[in-house]
Amino acid sequence: MQFIDLAEIHVKGGKGGDGIVAFRREKYVPAGGPAGGNGGNGGSVILKAVPHLQTLLDFRYAHTFKAEAGQRGGPSNRTGASGADLIIEVPCGTMVWDADTEELLGDLTTPAQTLQVAKGGKGGLGNKHFLSNQQRAPDYALPGLEGEERHLRLELKLLAEVGIIGLPNAGKSTLISVLSAARPKIADYPFTTLVPNLGVVRQPNGDGTVFADIPGLIAGAHQGTGLGHEFLRHIERTRLLLHLIDATATDVIAAYDTIRAELVAYGHGLGERPQIVVLNKIDALDPEEIDERQQALATHICQPVFAISAATRQGVEPMLQAVWAQLNLATLRHG
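Residues numbered from 1 in each chain as written. Predicted model: local features only at pLDDT ≥ 70, side-chain atom pairs only at ≥ 80, totals over all residues. Heavy atoms only, no water.

1. Here we look at the overall build of the protein
Counting secondary structure elements, the protein contains five helices and 14 strands. For the protein, with 335 residues in total, the buried portion stands at 48%. The long-range fraction of contacts in the protein, counting pairs at least 24 apart against all pairs at least 6 apart in sequence, stands at 72%. Here the protein displays about 16200 Å² of accessible surface, and carbon together with sulfur accounts for 51% of that area. (Helix = DSSP H or I, 4+ residues; strand = E, 2+ residues; numbered from the N terminus. Buried < 20%, exposed > 50% of the residue type's maximum accessible area, 1.4 Å probe, protein only. Contact = heavy atoms within 4.5 Å. Areas by Shrake-Rupley, 256 points an atom, 1.4 Å probe, with all protein chains shown as cover.)

Pasting the structure below:
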């Protein structure tokens, strides 16, 4: 599936229906008596978060959305029908911005959550509304009002609990493919993954946890270098980072420091996000080399370092146990 995480759309609420001028035909009532009904209200444009969508791809082909207009009023004081609201489905995790004012209008994070982004216009008043002791036979009505109009920017951030990060070709796609049913493109060259991949990994209790394989980052990513900070935004919503390092790299400490520096430079709390550090591809090393690199990195970061081979699943289960423990701890901390 192609992943689109930014889109701009134009929305407009429906126009209110016009009020009308009409009179009853009754004996002894001046001019028959005013009986023009009010126009119906225009429909509103509403965004709704749904779990079955994962991209903003649909908005690449449809940019303009307009709700239904209200109907004009009728004789005999009949009010026109209101226009139907237009419900636009978006993925959970969509932030909605006013593209002209840069105001954040809402953050749709939970299924069925809604946000009204363009209110429908109010229906116009019929001449019945203007009846008074001084004016027994008003012969005018008001037109319906135009609906609210907005230019919106939609920004999707993945709703994954665990973000798998690391330099290109660290084995992130291979890991998510063995942990879940996700089947990302995998090859032995950098930048194989050009879009984030989502996979659901089952915990021992049967609950599903969403993992996100974030495309490879390089030095300067927070400034847009390489695949850029467009993908760093997806890490913001994660509760835990799984930092994968190629154990066959010339300098595993430098590889760790490169990504760590990008997280800190990007901000948004990523530098303080809980992180499990993992050396991958240990099937390509001798046991002595694995121990040496694992100990050196653990000493450098002052925390344990896991050693795994995603390709052979060696060491994967202990790593997952640490993931579940960290997530449970985070849940307890936040009540």
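2. Points about the packing of aromatic side chains
Tallied over the entire structure, the rule returns three aromatic pairs. Where Phe-59 meets Phe-65, the ring centres are 5.9 Å apart and the plane angle is 70°; that geometry is what we call edge-to-face. You can call Phe-65 buried: its relative accessible area is 15%. When the centroid spacing of 4.9 Å and the interplanar angle of 40° are considered together, the rings of Phe-130 and Tyr-140 count as tilted. You can see Phe-130 sitting in the loop between strand 7 (114-118) and strand 8 (149-156) and its partner Tyr-140 sitting in the loop between strand 7 and strand 8, a full ten residues away along the chain. (Phe/Tyr/Trp six-rings, centres within 6.5 Å; stacked < 30°, edge-to-face > 60°.)

3. Considerations on the sheet that holds strand 2 (residues 45-50)
Strand order across the open sheet formed by three strands is 4-2-7, with mixed pairing between neighbours. If you trace the sheet from one side to the other, it starts and ends with strand 4 (86-91) and strand 7, each paired once. The mean inter-strand angle of the sheet, taken between neighbouring strand axes irrespective of direction, is 30°. Pairing analysis gives six bridges linking strand 2 to strand 4, with the strands arranged parallel. Bridging across to strand 4, Val-45 finds its partner in Leu-86. (Pairing = 2+ DSSP bridges. Axes fitted to C-alpha atoms, helices over the stretch in contact; angles between N-to-C directions.)

4. With respect to the packing of helix 3 (residues 252-266) against helix 4 (residues 287-301)
One can describe the packing of helix 3 onto helix 4 by two numbers: an axis separation of 9 Å at closest approach and a directional angle of 40°. Taken as axis vectors, helix 3 and helix 4 run oblique relative to one another. When the axes of helix 3 and helix 4 are compared, the crossing they make is right-handed. For the pair formed by helix 3 and helix 4, the contact residues are Val-252, Ile-253, Tyr-256 and Asp-257 on the first element and Arg-293, Ala-296, Leu-297, His-300 and Ile-301 on the second. (Parallel < 35°, antiparallel > 145°, perpendicular 65-115°, else oblique. Left-handed = near helix turned anticlockwise from the far one by under 90°.)

5. So, the sheet that holds strand 3 (residues 64-66)
The mixed open sheet is built from five strands, whose spatial order is 3-1-8-5-6. This sheet does not close on itself; its edge strands, each paired only once, are strand 3 and strand 6 (104-108). If you compare each strand with its neighbour and ignore which way they point, the axes differ by 25° on average. Bridge count between strand 5 (residues 94-98) and strand 8: five bridges; the pairing is antiparallel. If you follow Asp-98 over to strand 8, its bridge partner there is Leu-152.

6. Re the pairing of strand 5
In terms of residue burial, strand 5 counts as a mostly covered element, since five of its five residues are buried. Side-chain alternation along strand 5 places Thr-94, Val-96 and Asp-98 on one buried face and Met-95 and Trp-97 on a second face that is also buried. Bridge count between strand 5 and strand 6: four bridges; the pairing is antiparallel. Its bridge partner lying in strand 6, Trp-97 is registered against Leu-104.

7. Overview of the environment of Asn-38
Note that Asn-38 resides in the loop between strand 1 (6-12) and strand 2. In the structure, Asn-38 is positioned 22 residues away from Gly-16 in sequence and 9.7 Å away in space, judged by C-alpha atoms. For Asn-38, the contacting residues outside a window of four places in its chain are Asp-18, Gly-19, Gly-73, Arg-78, Thr-79, Gly-80, Gly-124, Leu-125, Gly-126 and His-129. A polar contact of 2.8 Å, which involves the side chain of Asn-38, links it to the backbone nitrogen of Gly-126. (Polar contact = N/O pair within 3.5 Å; in protein donor to acceptor, adjacent residues only side chain to side chain.)

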